[in-house]
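Chain residues, written in single-letter form:
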Amino acid sequence: MSLLSMRDLSINLARAPSSGKSPGGSAGSSINMVNSLTLDIPEGSVFGLAGESGCGKSLTALSILGILPRGMHATGEVTFKGRDLLKMDEKTFRSVRGHEISMVFQEPMTSLNPVLKVGYQIEEVINTHLAVSKKEAAHMAVSLLRELNIPSPEQRVREYPHQLSGGMRQRVMMAMAIACSPSLLIADEPTTALDVTIEAQLLRMIRRLRDDKGMSVLLITHDLGIIAENAETVAIMYAGRLVEQAPVAELFRAPMHPYTVGLLGSVPAQRGTKLKPVRGMVPKPWELPAGCTFSDRCDFAQEACSAAEPEFMEVGDSGAGRHRSRCIRTDDAPWRNGNNKS
Amino acid sequence: MEARGLQKTYSVSRGVFGGHAALRAVDGVDFKVAANHVFSLVGESGCGKSTVARLLLRLTNPTGGQVLHKGSDVFALKGDDLKAFRRSVQIIFQDPFASLNPRRTVYETLSEPMKIHGLADKSAFPDRVRDLLKTVGMVDVMDRYPHEFSGGQRQRICIARALAVSPEVIVADEPLSSLDVSIQAQILNLLIELKETTGLAFVFISHDLRVVRYLSDFVGVMYLGKIVERAPAVELFDSPLHPYTEVLLAAAPELVPGRKKEPPLQGEVPSPLDMPSGCPFHPRCPKVFEPCSRITPELRGDAPRAVACHLHNAY
Ligand SMILES: Nc1ncnc2c1ncn2[C@@H]1O[C@H](COP(=O)(O)OP(=O)(O)OP(=O)(O)O)[C@@H](O)[C@H]1O
Ligand SMILES: Nc1ncnc2c1ncn2[C@@H]1O[C@H](COP(=O)(O)OP(=O)(O)OP(=O)(O)O)[C@@H](O)[C@H]1O
Ligand SMILES: [Mg+2]
Ligand SMILES: [Mg+2]
């Protein structure tokens, strides 16, 4: 059963009527940032969301928590345990946020308060959501850090963020996020700033939380290797849209969207084999090509691709809509045989 | 280009009452890179990679050791020799935006180094700039400014600028890490093409092992200011000798679904101010044994392979 299901989530940026300087469109209109996202995050599993910079991954995450930046507005449905988060009043939302759903942000330094001791910051989260004494909260903070493999946690809780290494700060963020045993953890590029050995430790922790506590995780990253090793399901996002979604093994075995194929072809693998990256670059949200948003960079585009945006349709033989792609050429899948250009 | 026993120690303040402490950012680094080859330095944040880059370019003075370029000591160069060195060794940085002057057009950015080094006649600059841009896959952009380009395009401009003076060595310090994967791959293809067509020597600095394996001929693995293993890339990735190299390779994510291995290593990289005794890696090493905390292993072996580990070298 799915813990969170998103139906046609769109996010638009309304522009102030006077902001003539902002790019594209006419003043007063709005820019579409995320378009009609539909996905389901099952209970007790890691759902990977991948895509290049600016495609809308973080906005999608922020909309789940109801904390979109000013001027951004979400429409559609985001159902969590039977309740639509987009329609929830702020007071109710406050009891969900940080408690049932929590998030580890992309930038650990900017999301910790520099003038408060890290122990206090963890205790604050606990005290807000759980009915425990101050003493119990302090005790929980220390044991959380111990669980996250921070050496001498009794001493660390008394330190300030700048006294910790990047890896430790990221784990303090993690401690705050899991303090109330959320059912859904959103981890937005949780390891980007970390060294590989620390990254591996953090990812193991995420898997352990899934296995031991049945927590679901929305794991946002641009690293397909991290997805491959840690997620059960993966969705690929391009220019504000999902272009492909599949069980992880299936996506890597038989990708069904040319953008996914290009992403996989961008990762250096065998020496001596030339990389086959996607050509060109990601268009701005206000300069999307007509029809399929990927058509201007696609090696397999045909005339029909510019006519209308393809549906997000079931493909492959996973069944139950588990493998979907937004491409009209999935029947002949010309990328499959290495026969390049159409 | 060659580094011999290269050392760089910074004096850093220990806080209000602490006085000063010596921070050994680079602690005895040796390697060579030949024309037409890529030598890569890998290692975790703070291990001294960028400091090595700055030393190779003579942007900072070493505390000990030498950098040799075509046999001569780079830090002893003066006058015309120094000028020739400045031309011959170029750098590409991680952040392509910070390293371009926002008020200069692409043409100005690319023609300036030619002017400084008196390469070619001024009337030949436009053609030369056009050629350079073509080499990095850009056309009709000479009159545009950096802010008009994406990160990947700016990195191409930086590469073109480095190539403008026909260098022999390019030092690239994390040139891909600020770029998206598809753009990374485009730049990586470009670097390989340059290596194959120009005979340049590259010193490539990265923490991305997939990229390093793909691009390099030789690799040096750094830990706390020291090279702990140095080997031809293929051998290093097929059969790592140093336990730290093994750990790094095991930790790097691969495109293989479900390969959920255990992270092999606990703990953080120690502070270079608080250097462990003996082997710098011994507090985290899964294979630590008796001599490791007492005796610092030297980098030894039959060229081109060398490892600094008591497991492999009798002490
Ligand atoms: N506060 C904001 N105001 C206006 N535009 C914004 C704001 N935040 C994000 N955007 C824009 O919305 C789009 C999606 O941004 P988002 O942060 O979701 O991308 P992302 O996929 O998380 O990228 P990255 O991998 O770089 O983190 C981008 O074009 C971005 O410039
Ligand atoms: N100017 C300086 N003064 C004092 N310490 C310095 C200075 N420059 C670098 N260091 C220290 O020297 C060590 C090596 O730094 P360096 O920048 O060479 O590492 P790096 O391997 O490039 O790391 P990264 O992967 O994070 O770029 C670090 O501990 C750093 O803090
Ligand atoms: Mg983001
Ligand atoms: Mg560096």
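Residue indices follow the written sequence of each chain, beginning from 1 at its first position. Working convention: letters from A go to chains and numbers from 1 go to ligands, in the order in which they are written. pLDDT decides what is reported in this predicted model: residues at 70 or higher carry local features, side-chain atom pairs at 80 or more are listed and counted, and totals for whole chains, interfaces and linings draw on all residues regardless. Hydrogens and water are ignored here; the side-chain numbers use all heavy atoms of the structure.

(A) Spotlight on the overall build of chain B. When its secondary structure is counted, chain B shows nine helices and eleven strands. For this measure, only C-alpha atoms enter the radius of gyration; the expected value for a globule follows 2.2 Å times N^0.38, where N is the number of residues. The globule rule puts the C-alpha radius of gyration for 315 residues at 20 Å, and the 21 Å found for chain B is close to it. On the principal axes, the C-alpha backbone points of chain B span a range of 70 × 50 × 45 Å. Each residue is assigned to one of three classes by its accessible area relative to the maximum for its type, calculated with a 1.4 Å probe on protein chains only: buried under 20%, partly exposed between the two thresholds, exposed over 50%. Split into buried and exposed, the 315 residues of chain B put 52% on the buried side. Surface accessibility in these figures is a Shrake-Rupley result with a 1.4 Å probe; residues are shielded only by whichever protein chains are displayed. Summed over all atoms, the accessible surface of chain B reaches about 13900 Å², with 50% contributed by carbon and sulfur. Positive residues here are Lys and Arg, negative ones are Asp and Glu, while His and the chain termini are left out of the count. Charged side chains are reduced to one point each, which is NZ for Lys, CZ for Arg, CG for Asp and CD for Glu. Put simply, chain B has 37 plus and 35 minus side-chain charges, and the middle of one group is 3 Å from the middle of the other. Here a strand is any run of E in DSSP of at least two residues, a helix any run of H or I of at least four, and the numbering for each starts at the N terminus.

(B) Structural context of the site of ligand 2. All names here are of chain B. Neighbouring residues are identified by heavy atoms, a residue being near a molecule or strand if any of them is within 4 Å of it. In the region of ligand 2, 13 residues are neighbours, and Ser 45, Gly 46, Lys 49, Ser 50 and Thr 51 sit closest. A distance of 3.3 Å separates an oxygen atom of ligand 2 from a polar backbone atom of Cys 47. In this structure, an oxygen atom belonging to ligand 2 sits 3.0 Å away from a main-chain N or O atom of Gly 48. When isolated, ligand 2 has an accessible area of 640 Å², and the protein chains bury 63% of it. Top element by residues in the shell around ligand 2 is helix 1 (residues 49–56). It accounts for three residues. Residues adjacent in sequence count toward polar contacts only when both atoms are side-chain atoms; beyond that, a polar contact is any pair of N or O atoms within 3.5 Å, and within protein one must be able to donate a hydrogen and the other to accept it.

(C) Examining the site of ligand 1 more closely. All names here are of chain A. Around ligand 1 sit 14 residues, and of these Ser 53, Gly 54, Lys 57, Ser 58 and Leu 59 come closest. Within the side chain of Lys 57, a nitrogen or oxygen atom sits 2.8 Å from an oxygen atom of ligand 1. Leu 59 has a polar backbone atom sitting 2.8 Å from an oxygen atom of ligand 1. Notes on ligand 1: free accessible area 630 Å², of which the protein chains cover 66%. If you tally residues by element for the shell around ligand 1, the top one is helix 1 (residues 57–64), at three residues.

(D) Region of interest: the sheet that holds strand 12 (residues 324–325) of chain A. Residues and elements named next belong to chain A. For two strands to be treated as a pair, DSSP must find no fewer than two bridges joining them. Read from one edge of the open sheet, eight strands run 6-7-8-3-9-10-12-11, paired in mixed fashion. Edge positions in the sheet fall to strand 6 (101–104) and strand 11 (313–314), since each has one partner strand and no second. Pairing of strand 3 (residues 46–50) with strand 9 (residues 233–238) involves four bridges; the strand directions are parallel. Paired with Phe 47 across the strands is Thr 233, a residue of strand 9. By the convention used here, residues are in contact when the closest approach between their heavy atoms is within 4.5 Å. Each axis is a line fitted through C-alpha atoms, and for a helix only the stretch in contact is used; angles between axes span 0 to 180 degrees, taken between their N-to-C directions. Lying on the sheet, helix 1 is in contact with strand 3, strand 6, strand 7 (184–188), strand 8 (216–221) and strand 9; it crosses strand 8 at an angle near 150 degrees. Sitting on the sheet, helix 7 (residues 166–178) touches strand 6 and strand 7, and the angle it makes with strand 6 is about 175 degrees.

(E) Geometry of the pattern of salt bridges. The salt bridge definition used is simple: a Lys or Arg side-chain nitrogen within 4 Å of an Asp or Glu carboxyl oxygen. Taken as a whole and assessed by the stated rule, the structure comprises 30 salt bridges over all chains. With a shortest N-O distance of 3.5 Å, Arg 284 of chain B and Glu 44 of chain B are connected by a salt bridge. You can see Arg 284 of chain B sitting in the loop between helix 9 (243–251) and strand 11 (306–307) and its partner Glu 44 of chain B sitting in the loop between strand 3 (38–42) and helix 1, a full 240 residues away along the chain. Judged on exposure class, the residue Arg 284 of chain B and its partner Glu 44 of chain B are both buried. Residues participating in the shared-partner salt-bridge network are Lys 81, Arg 83 and Glu 100 of chain A.

(F) Broad picture of the interface of chain A and chain B. The interface of chain A with chain B comprises 45 residues on the first partner and 41 residues on the second. By definition, the buried area sums, over both parts, the 1.4 Å-probe accessible area that each loses when the two are put together. Across the chain A/chain B interface, buried area totals approximately 3600 Å², and carbon plus sulfur atoms make up 55% of it. Counting across the interface, chain A meets chain B through one salt bridge. Notably, a salt bridge pairs Asp 223 of chain A with Arg 210 of chain B, separated by 3.1 Å at the nearest N-O pair. Our count for the chain A to chain B interface comes out at 16 residue pairs in polar contact (both at pLDDT 80 or more). At the level of elements, helix 7, helix 8 (196–213), helix 9 (224–230), helix 10 (248–253) and helix 11 (258–264) of chain A are the ones that each hand at least two residues to the side of chain A that touches chain B. With nine residues, helix 8 of chain A is the single largest residue contributor to the side of chain A that touches chain B. Side-chain classes follow a simple rule in which Ala, Val, Leu, Ile, Met, Phe, Trp, Tyr, Cys and Pro form the nonpolar group, Asp, Glu, Lys and Arg form the charged group, and the remainder, Gly included, forms the polar group. Considered class by class, the residues forming the side of chain A that touches chain B number 19 nonpolar, 13 polar and 13 charged.

(G) Molecular detail of the sheet that holds strand 6 (residues 89–92) of chain B. Residues and elements named next belong to chain B. Across the sheet, which stays open at both edges, the seven strands sit in the order 6-7-8-3-9-10-11 with mixed pairing between neighbours. Strand pairing shows two members of the sheet lacking a second neighbour, strand 6 and strand 11, which therefore form its edges. Bridge count between strand 3 and strand 9 (residues 218–223): four bridges; the pairing is parallel. Within strand 9, the residue paired with Val 42 across the bridge is Val 221.

(H) Fine view of helix 5 (residues 134–147) of chain A. Residues and elements named next belong to chain A. By definition here, a helix of n residues has an expected span of 1.5 Å times n minus one. Counted at 1.5 Å a residue, the expected span for helix 5 with its 14 residues is 20 Å, and the 20 Å between its end C-alpha atoms agrees. When we look at burial in helix 5, the residues that qualify are Ala 137, Ala 141, Val 142, Leu 144 and Leu 145. When helix 5 is viewed along its axis, its buried side chains cluster within an angular range of 160 degrees and face the same direction. The exposed residues of helix 5 that point more than 90 degrees off its buried face are Lys 135 and His 139. Packed against the buried residues of helix 5 are helix 4 (118–129), helix 6 (153–156) and helix 7. Following helix 5 by one or two positions, Asn 149 has its phi on the positive side, about 65 degrees. Read the arc as the range of directions from the helix axis to the C-beta atoms.

(I) Focus on the state of the cysteines. Residues and elements named next belong to chain B. By disulfide we mean two sulfur atoms from cysteines, separated by a distance within 2.5 Å. Scanning all chains against the criterion turns up zero disulfides over all chains. Counting only cysteine sulfurs, Cys 292 is the nearest neighbor of Cys 285, a cysteine outside any disulfide, at a range of 6.3 Å. The exposure class assigned to Cys 285 is buried, which follows from its relative accessible area of 15%.

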